[in-house]
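Summary of structural features
Chain by chain, the residues:
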Amino acid sequence: MKQTLEPYLPEIAASPMFRGIRREDLVRMLHCLGAFLREFEKEAYICMSDEDLLYVGVVLTGGVQMIREDVWGNRALLVYMGPGELFGETFVCAGIHNRLVSYAAAEKTVVLFTPFKRVICSCEQSCGFHRQLIENVVVALAEKNVALIEKVDLVSKRSLREKISEYLALQAEYYGSMEFDIPLGRVQLAQYLHADRSALTRELGQMAGEGLIEFNRRHFRILRRLL
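In this report, we go over the structure that sits alongside the text.

Rules used in this analysis
Residues numbered from 1 in each chain as written. Predicted model: local features only at pLDDT ≥ 70, side-chain atom pairs only at ≥ 80, totals over all residues. Heavy atoms only, no water. Helix = DSSP H or I, 4+ residues; strand = E, 2+ residues; numbered from the N terminus. Rg over C-alpha atoms; globule rule 2.2 N^0.38 Å. Buried < 20%, exposed > 50% of the residue type's maximum accessible area, 1.4 Å probe, protein only. Salt bridge = Lys/Arg side-chain N within 4 Å of Asp/Glu carboxyl O. 1 Å grid on protein atoms, 1.4 Å probe; cavity = no way out; pocket = protein on both sides within 12 Å on 5 of 7 lines; lining within 4 Å. Points joined across faces, edges and corners; volume = space filled by probe spheres on them. Nonpolar A, V, L, I, M, F, W, Y, C, P; charged D, E, K, R; others polar.

Helix and strand content of the chain: eight helices and twelve strands. Here the C-alpha atoms of the chain give a radius of gyration of 19 Å, agreeing with the 17 Å that 2.2 N^0.38 yields for 227 residues. When the backbone C-alpha atoms are referred to their principal axes, the chain occupies close to 60 × 40 × 30 Å. Taken across its 227 residues, the chain has 45% of its residues classed as buried.

Dropping the structure here:
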């Protein structure tokens, strides 16, 4: 369902994609880019692997999952994007249409879409803020590559406990605290770690029983060194 831009201007302005761009220039920029909003219900597909993706998406509210599904319907969560984060920019920039991945809403989600060609090419009006926009997208691409490297390192761990410990350590580093809320539910976390949900639940329970962590749903507290 399409939405009007105005109610979401604070969320749009807060996105790293528009970092350094004055608020008074934002509306003009969005019009110049041909940006539009869409709302997705929980678990709805935003774009499936066999569909062409011609837009860069910015998550304004909710969350987006990059997922890989095999021919048997098994699903692996590759990357989770929360509010402010971009998705689809790597594939669109490379001109890759057969992506082998899909994007789905992790919860009720609002996304800002912008045609990628308008993002990377200066407009006819030669907007002064367009260079800043391009720089922001390049930074976003670099940050996404770092996140994927972290994911590869995480899933290469030998045991499920090592994977859980690495994931929680990264979250603690991101939030700057040993107490935090993770963005993933239990099913999503199991998919992200490439683990069985029951095994994940059992391992978390054992870690809590050993006094390593405390948790309640998505809220975690690291009590002492995990490994």
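This next bit is on the pattern of salt bridges. Under the criterion given, the structure shown has eleven salt bridges. Between Arg 22 and Asp 25 there is a salt bridge, with its nearest N and O atoms 3.0 Å apart. Residue classification places Asp 25 among the buried residues on the basis of a relative accessible area of 10%. Note that Lys 108 and Glu 39 form a salt bridge whose closest N and O atoms lie 3.5 Å from each other.

When its volume is computed, the largest pocket comes out at roughly 960 Å³. Forming the boundary of the largest pocket are 31 residues, of which Tyr 80, Glu 85, Ala 147, Glu 150 and Tyr 174 lie nearest the centre. For the lining of the largest pocket, the elements supplying multiple residues, two or more each, are strand 6 (75–81), helix 5 (130–155) and helix 6 (160–175). The element best represented in the lining of the largest pocket is helix 5, accounting for eight residues. Grouping the amino acids of the lining of the largest pocket by side-chain chemistry returns 18 nonpolar, four polar and nine charged.

Looking now at unusual backbone geometry. Despite not being glycine, Glu 43 has its phi angle at roughly 70°, a positive value. Under the relative-accessibility criterion, Glu 43 is labelled exposed at 58%. One non-glycine residue, Arg 217, adopts positive backbone phi at about 60°. Mapped onto the secondary structure, Arg 217 falls in the loop between strand 11 (213–216) and strand 12 (219–222). Classification of Arg 217 as exposed rests on a relative accessible area of 69%.

By themselves, these are just geometric observations and shouldn't be taken as functional.
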